[in-house]
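Working through the structure, step by step
Single-letter residue listing:
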Amino acid sequence: KHLGSRPGKPGPSIQHSCACAAITIRSFAAIRSLAAIIAAAAVRRMAALSGAATPPQKVRVAVFGGAFDPPTVDHVRCCAQILRSRRVDEVWLTPCGPRPDKPNLETPTLKRWAMCEIAVNSALPPTAKVRVCDVDVNRERAYFTYDLLTHLNKTRGDTHEFSFVIGTDWLTKETNIREWESDVGGKRVVTGHKLIEEFDFLVLKRPGHPAYGELSDYGPRFSYLDVDGDSTKFIEGAGSSTDVRNCLKDTHDYDAVAGLVPAAVLAFMRRHRLYIGPAETRIARASSGL
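Note that the structure is predicted; figures quoted are calculated from it, not measured.

In this section: the pairing of strand 7 (residues 200-204). Burial runs high along strand 7: four of the five residues are buried. Two strands pair when backbone bridges link them, and strand 4 (residues 160-167) and strand 7 are joined in this way by five bridges, in the parallel orientation. Across the sheet, residue Phe164 finds its bridge partner in strand 7, namely Phe201. Across three bridges, strand 7 lies against strand 8 (residues 222-224) in parallel orientation. Paired with Leu202 across the strands is Ser223, a residue of strand 8.

Next comes the structure, spelled out in structure tokens:
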């Protein structure tokens, strides 16, 4: 027996040994845990250095193109609804440049781009991820659809992924998107088959203009826009730029289109006297400076 110990109770030396052993076990466990953390960090660092790290997710962009002559409340509503579909992260409202298939497009691209900016910034909250794309503003002729998307893909494809918004009024018996063309070295070349193979098409239902046949008839990457998987939640609208221009042509009264275009856009139209008067006067006014 150790000196000073009592029967049935370990002496000081045994107690000290047990305490040291417990401390040693806890220290060993802590060291093992720390080593595991260091090893995991080293693996992550080596993966990053070797390029094996997961690349950042691309921003999904819906390119919503059109003349927007002028932009209407329904165009703005469509932008908001496209975001609600959660199919994309951003919407790029893209007013086109001069188009050979729209000889009556009188308002210069710069003025239509300005009205789109006014519409988006006055009618939508600043948190809405809608921007106005100026890719066509200074061009003598608008990009063809395939050329536009490939240009955006080439310049922003590292960080963005582009799809194209199209209305059911384009999906008719007479329309064959596979025959759509591009400008290659100043020559018209059919690239529609490449267009429908390389890009997704987000289809807006236009009241009174149902798609002819099934979406799959047009290509493998066409799908209707919906909200939370329910197409009935997607609010449709029929207000078009053509309706606004025709109304102004008939009435010569800007108040007649109040509510069809955002109020701030209507104010811009009034200031620049757009869409009212004889054709020669309208063109002269539209072509004047902002």
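So, about the pattern of salt bridges. All told, the structure shown has nine salt bridges when counted by the stated rule. We note a salt bridge from Asp200 to Arg221, for which the minimum N-O separation is 2.7 Å. Separated by 21 residues along the polypeptide, Asp200 in strand 7 and Arg221 in the loop between strand 7 and strand 8 bring together distant segments of the chain.

Ordered by their spatial adjacency, six strands build an open sheet running 3-2-1-4-7-8, and the pairing between neighbours is parallel. Among the strands making up the open sheet, the edge pair consists of strand 3 (130-132) and strand 8. Between one strand axis and the next, the sheet turns by 30° as a mean value, whatever way the strands run. As paired strands, strand 2 (residues 90-95) and strand 3 are joined by three bridges and run parallel to one another. Paired with Trp92 across the bridge in strand 3 is Arg131. Contacts from helix 3 (residues 109-123) reach strand 2 and strand 3 within the one sheet, and its direction differs from that of strand 2 by about 150°.

On to helix 4 (residues 145-156). Over its twelve residues, helix 4 extends 16 Å from the first C-alpha to the last, a length consistent with the 16 Å expected when each residue adds 1.5 Å. Listed as buried for helix 4 are Thr145, Tyr146, Asp147, Leu148, Leu149 and Leu152. On its buried face, helix 4 sits against strand 1 (59-66), strand 2, strand 4, strand 5 (181-184) and helix 5 (192-198).

Moving on: unusual backbone geometry. Cis geometry marks the peptide bond from Asp69 to Pro70; its omega dihedral reads 0°. Note on placement: Pro70 falls in the loop between strand 1 and helix 2 (73-84). The residue Arg273 is not glycine, and still its phi comes out positive at about 50°. As for its position among the elements, Arg273 is in the loop between helix 7 (263-272) and helix 8 (279-287). Among the residues examined, Arg273 registers a relative accessible area of 38% and is labelled partly exposed. Here the phi dihedral of Tyr275 falls at roughly 75°; this positive angle occurs in a residue that is not glycine. Note on placement: Tyr275 falls in the loop between helix 7 and helix 8.

Calculation criteria
- Residues numbered from 1 in each chain as written.
- Predicted model: local features only at pLDDT ≥ 70, side-chain atom pairs only at ≥ 80, totals over all residues.
- Heavy atoms only, no water.
- Buried < 20%, exposed > 50% of the residue type's maximum accessible area, 1.4 Å probe, protein only.
- Helix = DSSP H or I, 4+ residues; strand = E, 2+ residues; numbered from the N terminus.
- Pairing = 2+ DSSP bridges.
- Salt bridge = Lys/Arg side-chain N within 4 Å of Asp/Glu carboxyl O.
- Axes fitted to C-alpha atoms, helices over the stretch in contact; angles between N-to-C directions.
- Contact = heavy atoms within 4.5 Å.
- Expected span 1.5 Å × (residues − 1).

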